[in-house]
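Architecture at a glance
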Protein chains: 2
Amino acid sequence: MSSPESANGRVAARALRERLAELADLGTTIALLGWDRETVMPERGAESRGELTATLERLAHERAADPTLGDLIDAAALEAGAPDAPPDDGVIARIARRDRDRATRIPGELVVAIARATADAIPAWMQAREESDFARFRPHLERQVELRREVAGCFPDFAHPYDALLDSFEPGATTASVRDVFARLREGLVPLVEAIAERPPPSPLHGPFPVAEQRTLGLEIARSFGFEDDAWRIDDAVHPFAQSIARTDVRVTARWNEADLSGIFAVMHEVGHGLYEAGIDPALDRTTLGTGVSLGIHESQSRTWENQVGRSRPFWEHWYPRAQAVFPEALGDVPLEDFHRSINVVRPTLIRVDADEATYALHVILRFELEVALIEGTLAVADVPAAWNERMRDMLGVEVPDDRHGCLQDIHWSYGELGYFPTYALGNVVSGQLWAAAQRELPGLDAALQAGDCSQLREWLRRTIHHHGRRLDPPELLREATGSDLDPEPLLDYLREKYTALYDL
Amino acid sequence: MSSPESANGRVAARALRERLAELADLGTTIALLGWDRETVMPERGAESRGELTATLERLAHERAADPTLGDLIDAAALEAGAPDAPPDDGVIARIARRDRDRATRIPGELVVAIARATADAIPAWMQAREESDFARFRPHLERQVELRREVAGCFPDFAHPYDALLDSFEPGATTASVRDVFARLREGLVPLVEAIAERPPPSPLHGPFPVAEQRTLGLEIARSFGFEDDAWRIDDAVHPFAQSIARTDVRVTARWNEADLSGIFAVMHEVGHGLYEAGIDPALDRTTLGTGVSLGIHESQSRTWENQVGRSRPFWEHWYPRAQAVFPEALGDVPLEDFHRSINVVRPTLIRVDADEATYALHVILRFELEVALIEGTLAVADVPAAWNERMRDMLGVEVPDDRHGCLQDIHWSYGELGYFPTYALGNVVSGQLWAAAQRELPGLDAALQAGDCSQLREWLRRTIHHHGRRLDPPELLREATGSDLDPEPLLDYLREKYTALYDL
């Protein structure tokens, strides 16, 4: 123990970094197996891929739960208390302890039971949705709710059992705080959506928008956001997603539809996710802190680029002439004003994934309310369809014709992933707060977007959000970036202002 | 221990299969990391990819060297001796012991020293080749030879130190047997090549062969060989290779050149490799026996499809009209006879990878002779250029202008991979033996190829070679498939017959 490295008392910190690098590498490898499966794998590779992924996940879990890792974390935390220790050492030890706690508190039998329940539930959900037959899915959802209540029971320190589920997707978020934020959001959104519904709708765009040209334009826009040809890829996938394999190996995916421009907006969305991962401090590479801190913060990035930028007037003042040149038939005779209105249509609909910027969060609030009630035990699974349909009527004024277009539309519950949905709307809320802060701090932002220059915004987001990786938990990150706690008002102000102008409210 | 599975005494066999499945999955994952790197990875992902791969390789090595695996192999071997034990159990235990022996006999420090020497040698080789400056590469090659002699020293049971190196690529091959086979091969090839050199050469083809059309035709031919759209992929790569991720996820790569049809022949070659992996008995999946048994046998498959099939007259009797339709400008006025001659040009050249079917093995024999002498210590690294150039003169009658076109042309020695080269020519030899056997056993083979039907040959190769995976070592496999030991005569007969007809010898 006489090497220069050990002399300064960071033996455990360095050893911990090595172990975490291994865990990070295993996580990245699993992510690559997933990217490959969704984009390039031949169809019949699926069975083998399931086995491969299961093996890697088991190895990763074994390494994360290894008792010697716990000892190393304790020793590293102790070292990190020394006055001259680098500040990251303490953060790394603290987050490693939290990850490890999550990985070890849930007993192996419960993990296996969840995997089994999920394997049964997915095909059952698929068939139930196909046949719009909730009764077929009901026992599976009951089982998943029961298992998630058991998971929550493994974390008795939380004030509310749903907090334990939420926390794994959104560290620091609580049921109480989300409930409060969502209540205020709902109060603001419902009258806004109603007011818009009274105005004449924008004229829809008429395609076709040939896919090859959409790819060209999508890539040009992606590059203006920060996509780099030697460090990013874009591929097709049935369900678009973004996956970073490294800060300089970022992979986004898209799905194209000749009838509309949804593919281009999906690219903007996924590039927003990718920019987050690409912008993390290189010092956090392979530390397990070098990824996005939460699903909500991640979604705030994708939403900012897709909505606040991608559906804004200044952005299209630059890009619309190019879009008209690329789609002369579809857009040649459409003035920018009409185009801008048509990409900002607001209309209460049945399906979350098709929802617009104003109604989207209401779909999420509905799911959050039902999930909390299921975990609290105040709602029986059998009563989910009725509760769903009632809320759709109350919040969006639409009648649900069948469960296929209602409570059977999403796959998430068949995975038992309760606590995931709220992060989608938290992303919207945070994007509203970030946008307000960016407008305050970057006075030339609109002019830059009008000139096709996104670098100012990208660098601001990198500095305030991306750079930190998991160093700061979402509440702290948000406070540092915007000066406020979670607050729906900036999003509501932004939407009110935008739609008042667009719809003469 | 009262479950039905354990009651029949196969506790250890089943446990061993589980452990080997994990090792197989790790190997497959490493292969996928490599495929991804060579085909789709963004350029700047390289640094991170190196770390990822190193982590996975270290994990795989740890698991392979785990002492409890050794105990399990012993226990499984004991169980496999029982009269009612399934025959595969014994083979699996035997091969697992051999793999483990290889993985553990080389001390960790030597593995690290090789990795370091290789990391230094590769850039040195690149620069040396660029500048045609052997002196720059010399110390690195000296170090690699020294380290490989140490590796050989870890396996004192072999009769010759080079055997230990050879055996890791070609189980069962010995320096003595390869020396003998190569001597006879050389004796047959040198006069054949000389005789052809006295005849007028075929007129060369004149392109261009547009790449898009080459891809189309290449895929059509691949499908006729056995490429299946839902279980295979074809991608571009700088150095074409084949990689199976699973029996039903086989990935081949190609490089295209508008000036000639080399891309199509590369596809035939790589599909030959892929068919081997795709044809292995599903019972061997994830047992570590479910891959090709050796590099030589693998190469025999690629050579069979590229040469014996892909450069044959019957094959092109079916495909040439299609090729003419695809390349009307280049081939429209070229009769089949001229085309067939032009794809069978024989010409002594300096570069191995550009060599034709008749001269190729001579390049390999040269390397084998030098490698054996280097390991024996009868040739000093400093004398490699002179020895190389002398042999090129003797065997091929060509003068080497500089080391860049001589002993610096291949990357293999910078990896220290001595023992690898001979497998290329062993592949040629085996393909000759298999072709003779197939002609004997499949009397309608030529007619089938003339009709574009490759299924007869593919199924015969599957039955005789592919199916066995690593169950049989190459010498045994060859004996079962052809009735003979390694023998260059069938290859020589095939070449003599072919070129006598083509060149009026």
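Residues numbered from 1 in each chain as written. Chains lettered and ligands numbered in written order. Predicted model: local features only at pLDDT ≥ 70, side-chain atom pairs only at ≥ 80, totals over all residues. Heavy atoms only, no water.

**A few points about unusual backbone geometry**
Residue and element names in this part refer to chain A. The following threshold applies: Working definition: helices are DSSP H or I runs of at least four residues, strands are E runs of at least two. Numbering for both runs from the N terminus.
Residue Pro208 is bonded to the preceding Gly207 through a cis peptide linkage, with omega at 0 degrees. Note that Pro208 resides in the loop between α9 (175-197) and α10 (211-225). In this structure, Ser132 takes a positive phi of about 50 degrees despite not being glycine. Its place among the elements puts Ser132 in the loop between α6 (108-131) and α7 (134-153).

**Describing the domain arrangement of chain A**
Residue and element names in this part refer to chain A. What counts here: Annotation comment: domain bounds sourced from an automatic or database domain assignment. Throughout, a residue-residue contact means that at least one pair of heavy atoms, one from each residue, lies within 4.5 Å. Defined in terms of a 1.4 Å probe, buried area is the accessible area two parts forfeit on being brought together, summed over both. By convention in these notes, a salt bridge is any Lys or Arg side-chain nitrogen within 4 Å of a carboxyl oxygen on Asp or Glu. Two N or O atoms count as a polar contact when they lie within 3.5 Å, although within protein this holds only if one can serve as hydrogen donor and the other as acceptor, and sequence-adjacent residues are included solely when both atoms are side-chain atoms.
In terms of domains, chain A is made up of domain 1 (1-105) and domain 2 (211-340 + 430-466). Computed from C-alpha atoms alone, the centre-to-centre distance between domain 1 and domain 2 is 30 Å. With 17 residues of domain 1 in contact, the opposing surface of domain 2 contributes 15 residues. In this assembly, domain 1 packs against domain 2 so that about 1,400 Å² is buried in total across both faces, 66% of it on carbon and sulfur atoms. Taken together, domain 1 and domain 2 are joined by 1 salt bridge. In this structure, the salt-bridge partner of Arg286 is Asp25, at a minimum N-O distance of 2.6 Å. At the boundary of domain 1 and domain 2, one finds 2 residue pairs in polar contact (both at pLDDT 80 or more). Looking at the side of domain 1 that touches domain 2, the elements with two or more residues in it are α2 (11-39) and α5 (87-105). If you tally residues by element for the side of domain 1 that touches domain 2, the top one is α2, at 12 residues.

**Thoughts on the packing of aromatic side chains**
All names here are of chain A. Heads up, the condition is: Pairing of aromatic rings covers Phe, Tyr and Trp, the last counted by its six-membered ring, and requires centre-to-centre distances within 6.5 Å; plane angles under 30 degrees mean stacked, over 60 mean edge-to-face, and any other angle means tilted. Each residue's exposure class comes from its accessible area (1.4 Å probe, protein chains only) as a fraction of the maximum for that residue type: buried when under 20%, exposed when over 50%, partly exposed otherwise. Ring-over charges, as used throughout, are those where CZ of Arg or NZ of Lys falls within 6 Å of the ring centre and within 35 degrees of the ring normal.
The final tally for this structure, using the stated rule, is 39 aromatic pairs over all chains. On the numbers, 6.0 Å between centres and 50 degrees between planes, the contact of Tyr499 with Tyr503 is tilted. You can see Tyr499 and its partner Tyr503 sitting in helix α22 (residues 489-503), 4 residues apart, about one turn around the helix. Looking at Tyr499, the relative accessible area reads 1%, which means it is buried. The exposure class assigned to Tyr503 is buried, which follows from its relative accessible area of 4%. Each residue in the set Phe225, Phe265, Trp305, Phe315, Trp316, Trp319, Tyr320 and Phe339 is aromatic and connected to the rest through ring pairs, giving one cluster. One Lys or Arg, Arg251, reaches over the ring of Trp35 and ends 4.4 Å from the middle of that ring. A cation over an aromatic ring shows up here: Arg303 above the ring of Tyr360, its NZ or CZ 4.4 Å from the ring centre.

**Regarding the relation of the copies chain B and chain A**
Using the following cut-off: Alignment of the copies relies on least squares applied to C-alpha atoms, considering only residues that score at least 70 for pLDDT in both.
The two copies are related by a screw operation: chain B maps onto chain A through 180 degrees of rotation and 0.0 Å of translation along the axis, at an RMSD of 0.0 Å. Both copies of the chain, as the preceding transformation shows, are related through a two-fold rotation axis. In terms of C-alpha distance to the rotation axis, chain B has Thr29 of chain B as its closest residue, with the C-alpha 4.0 Å off the axis. Counting the interface residues of chain B, we find that 100% of their copies in chain A are interface residues as well, pointing to one common contact surface.

**Comments concerning the pattern of salt bridges**
Following the criterion strictly, the structure yields 98 salt bridges over all chains and no others. As a salt-bridge pair, Arg215 of chain A and Asp236 of chain A come within 2.8 Å of each other at their nearest N and O atoms. Of this pair, Arg215 of chain A sits in helix α10 while Asp236 of chain A sits in strand β1 (residues 232-236), and the two are 21 residues apart along the sequence. Classification of Arg215 of chain A by relative accessible area gives partly exposed; the value is 37%. Note on Asp236 of chain A: relative accessible area 37%, which makes it partly exposed. With a shortest N-O distance of 3.2 Å, Glu299 of chain B and Arg303 of chain B are connected by a salt bridge. Here the residue Glu299 of chain B and the residue Arg303 of chain B both occupy positions in helix α12 (residues 295-309), the gap between them amounting to 4 residues, near one helical turn. Each member of the pair, Glu299 of chain B as well as Arg303 of chain B, is classed as buried. The network of salt bridges with shared partners includes Glu22 and Arg63 of chain A together with Arg58 and Glu62 of chain B.

**Examining the interface of chain B and chain A**
Selection criterion: For this classification, Asp, Glu, Lys and Arg are treated as charged, while Ala, Val, Leu, Ile, Met, Phe, Trp, Tyr, Cys and Pro are nonpolar and the rest, including Gly, are polar.
Contacts between chain B and chain A engage 36 residues on the former and 36 residues on the latter. Buried surface at the junction of chain B and chain A, summed over both partners, amounts to about 3,100 Å²; 55% is from carbon and sulfur atoms. When residues of chain B are sorted by the area they lose upon contact with chain A, Pro42, Arg44 and Asp230 of chain B head the list and together hold 19% of the total. Put simply, chain B and chain A have 14 salt bridges between them. A salt bridge links Asp36 of chain A to Arg251 of chain B, with the nearest nitrogen and oxygen atoms 2.7 Å apart. On the surface where chain B and chain A come into contact, there are 22 residue pairs in polar contact (both at pLDDT 80 or more). Elements with a minimum of two residues in the side of chain B that touches chain A: α2 (11-39), α3 (46-65), β1 (232-236), β2 (242-246) and β3 (249-254) of chain B. When residues of the side of chain B that touches chain A are assigned to their parent elements, the largest contribution, 10 residues, is made by α3 of chain B. Of the residues in the side of chain B that touches chain A, the class split is 14 nonpolar, 6 polar and 16 charged.

**Side note on the sheet that holds β1 of chain B**
Residues and elements named next belong to chain B. We count it as follows: When DSSP finds two or more bridges between a pair of strands, those strands are recorded as paired. For helices, the fitted line uses only the C-alpha atoms of the stretch in contact; every axis is such a line through C-alpha atoms, and the angle between N-to-C directions lies from 0 to 180 degrees.
With mixed pairing, 3 strands are arranged side by side in an open sheet as β1-β3-β2. A strand with exactly one partner marks an edge of an open sheet, and here the two such strands are β1 and β2. Sheet twist, expressed as the average angle between the axes of neighbouring strands with direction ignored, equals 20 degrees. Note that β2 and β3 share 4 bridges and pair antiparallel. The residue bridging Ala246 from the neighbouring strand is Asp249, located in β3.

**Regarding helix α13 (residues 313-326) of chain A**
Residues and elements named next belong to chain A. What counts is decided by this rule: To estimate how far a helix should reach, multiply one less than its number of residues by 1.5 Å. Values of bend correspond, residue by residue, to the angle between axes fitted over the seven residues ending at that residue and the seven starting there.
For α13, which comprises 14 residues, the first-to-last C-alpha distance of 19 Å matches the rise-based estimate of 20 Å (1.5 Å per residue) to within 8%. Of all the bends in α13, the greatest, near 50 degrees, is centred on Trp319, and the proline Pro321 appears no more than four residues after it. Listing the buried residues of α13 in full gives Pro314, Phe315, Trp316, Trp319, Tyr320, Ala323 and Val326. Elements in contact with the buried residues of α13: α10, α11 (262-278), α12 (295-309), α14 (328-331), α15 (336-342) and α19 (445-450). Two to three positions downstream of the cap, the backbone nitrogen of Phe315 sits 3.3 Å from a side-chain oxygen, assigning the N-cap of α13 to Ser312.

**Some thoughts on the sheet that holds strand β3 (residues 249-254) of chain A**
Residues and elements named next belong to chain A. Pairing in this open sheet of 3 strands is mixed, and the strands run β1-β3-β2 from one edge to the other. The two strands at the open ends of the sheet, each matched to only one other strand, are β1 and β2 (242-246). For this sheet, the mean angle separating the axes of adjacent strands, direction not counted, is 20 degrees. In this sheet, β3 lies alongside β1 in parallel orientation, the contact comprising 5 bridges. Its bridge partner lying in β3, Asp235 is registered against Thr253. Here α11 sits on the sheet in contact with β1, β2 and β3, set at roughly 165 degrees to β3.

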